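Below are the chains, spelled out letter by letter.
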Amino acid sequence: MPSPPRHPGLADSALLKAARGEPVPHTPVWFMRQAGRSLPEYLKIREGVGMLESCMDPDLVTEITLQPVRRYGVDAAIFFSDIVLPLKAVGVDLDIVAGVGPVVASPVRTLEDVAAIPDLTPEHVPFITQAVHHLVAELGATPLIGFAGAPFTVASYLVEGGPSKEHAKTKAMMFGAPEVWDALMRKIAQIAAAYLEVQVAAGASAVQLFDSWAGALTPADYQALVMPHSTRVLAQAGGLGVPRIHFGVGTSNLLGLMGEAGADVVGVDWRTPLASAIPLVGDRSVQGNLDPTLVFAPPELMLARAAEVIEAGRAARGHIFNLGHGVIPSTDPDQLKRLTEYVQSYPL
């Protein structure tokens, strides 16, 4: 199936302009995890449908991705997926357990375990291509952001067998079995890069590489044992000609390195003031970083804090407004609508 033609209006997208450091008509805004969880229409359409099952249904993916764009009028759609979906697609035995997260049946321990994981090809994910084609046709001049999990975070799930706070098994492999670690990271980097390439080939206009657990690392360990693999993913995405967003949680000590890994836009979580982050990322745009809990505050306080974020963002090469992590499930959608309209109407 050929890629659909790019909508001519995408050239004027505030988000793509901000990512490239060009003048914008308004500060662009979207929200991580805007597709799902807090929306009643999402909860309704997901009734009785498992997470991974929904991620592999092109019609469901299309509808869920579009829901927040319709409701909020945000400046971008984020492709509805999950960080472990590409692993499921190539045959890794895993499931997403409610209240727990991704659970891997046979955690990776050896080089043989790594070798048993196939490389990802477009043939593994035809439903992704189909969903993206549907989405770009519906979105028109609104860009679609492709999504993939970064190698360290995905490796952590595979090694730990599920979510972890300490990442003890992951670090034990990283330090104690470096040859297995390197092989695993190379494998995941191939899968992530190929997954992003499928999305861009089908019509996505930007990509985000999401590293949930990178904040567990020291800068030296990140630079030596993780950054080369994220760099490989971002370099391949860069060759596709789309802006690259790189976001991690608790990564105030890694922001410079995450930019150097190949990001056009460095995502900043809410723990680090944007004014402190901007000098660290170099000549790059930034994304963020309102505390996600501020949507539970009185509207006037939420908007005052949003204004502070926008003002701080002026010092960056470009600024994409976002929360400093994902939308919390119990968020009031009306607050996000109010926030979106405020950001988009804020005088530049």
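Scroll up for the structure.
On a predicted model such as this, the values are computed, not experimentally measured, just so you know.

The rules behind these values
Residues numbered from 1 in each chain as written. Predicted model: local features only at pLDDT ≥ 70, side-chain atom pairs only at ≥ 80, totals over all residues. Heavy atoms only, no water. Core = buried A, V, L, I, M, F, W, Y, C linked by side-chain atoms within 4.5 Å. Buried < 20%, exposed > 50% of the residue type's maximum accessible area, 1.4 Å probe, protein only. Helix = DSSP H or I, 4+ residues; strand = E, 2+ residues; numbered from the N terminus. Contact = heavy atoms within 4.5 Å. Axes fitted to C-alpha atoms, helices over the stretch in contact; angles between N-to-C directions. Left-handed = near helix turned anticlockwise from the far one by under 90°. Nonpolar A, V, L, I, M, F, W, Y, C, P; charged D, E, K, R; others polar. Pairing = 2+ DSSP bridges. Phe/Tyr/Trp six-rings, centres within 6.5 Å; stacked < 30°, edge-to-face > 60°. Patch = residues over 30% accessible without salt bridge, like charges linked within 9 Å, V, L, I, M, F, W, Y side chains within 5 Å. Areas by Shrake-Rupley, 256 points an atom, 1.4 Å probe, with all protein chains shown as cover. Salt bridge = Lys/Arg side-chain N within 4 Å of Asp/Glu carboxyl O.

> What is the right way to read the nonpolar core from this model?
Within soluble globular proteins, side chains that are nonpolar generally end up buried alongside one another. Residues Tyr222 and Leu339 are the most contacted members of the largest nonpolar core, which totals 127 residues. It is helix α10 (residues 178-202) that provides the largest number of residues to this core, a total of 15 residues. Residues contacting Tyr222, with those up to four places away along its chain left out, are Asp211, Ala214, Leu217, Met227, Pro228, Ser230, His246, Leu254, Leu257, Met258 and Ala261.

> What is the right way to read the packing of helix α8 (residues 151-160) against α10 from this model?
Running from N to C, α8 and α10 cross one another at 120 degrees; their axes reach a closest spacing of 9 Å. Of the two possible hands of crossing, α8 and α10 adopt the one that is right-handed. Each of Pro151, Phe152, Val154, Ala155, Leu158 and Val159 in α8 lies in contact with α10, whose residues at this interface are Trp181, Leu184, Met185, Ile188 and Ala189. A per-class count over the contact of α8 with α10 returns 11 nonpolar, no polar and no charged.

> Is there a simple way to explain the pairing of strand β3 (residues 101-104) in this structure?
Regular strands place side chains that alternate from one sheet face to the opposite one. As defined by bridge partners, strand β2 (residues 94-97) adjoins β3 across four bridges and the pair is classed as antiparallel. Bridging from a neighbouring strand, Val97 pairs with Gly101 of β3. If you look at the hairpin formed by β2 and β3, you'll find three residues sitting between the two strands, and Gly99 has a positive phi there, around 80 degrees.

> Would you mind going over the packing of aromatic side chains with me for this structure?
Two aromatic rings are characterised by how far apart their centres lie and by the angle between their planes. Inspection of the entire model under this criterion finds seven aromatic pairs. Look at Tyr42 and Phe80: their rings are 5.9 Å apart centre to centre, the planes differ by 65 degrees, and that puts the pair in the edge-to-face class. Note that Tyr42 is positioned in helix α2 (residues 40-45) and Phe80 in the loop between β1 (77-78) and α5 (85-89), a separation of 38 residues in sequence. No difference in accessibility class separates Tyr42 from Phe80, as the two residues are buried. Taken together, a centroid distance of 6.3 Å and an interplanar angle of 50 degrees make the contact between Phe147 and Phe210 tilted. Remark: Phe210 occurs in strand β5 (residues 206-211) and Phe147 occurs in strand β4 (residues 144-149); sequence separation between them is 63 residues. Residue Phe147 shares its accessibility class with Phe210, and that shared class is buried. Grouped by ring-pair contacts, the aromatic residues Phe147, Phe210 and Phe247 constitute a single cluster.

> Just checking my understanding: could you explain a nonpolar patch on the surface for this structure?
Nonpolar side chains collect at one region of the surface, where Val97, Val100 and Val103 lie side by side and expose about 200 Å² of accessible area between them. Mapped onto the fold, Val97 is located in strand β2. On the basis of relative accessibility, which here comes to 35%, the residue Val97 falls in the partly exposed class.

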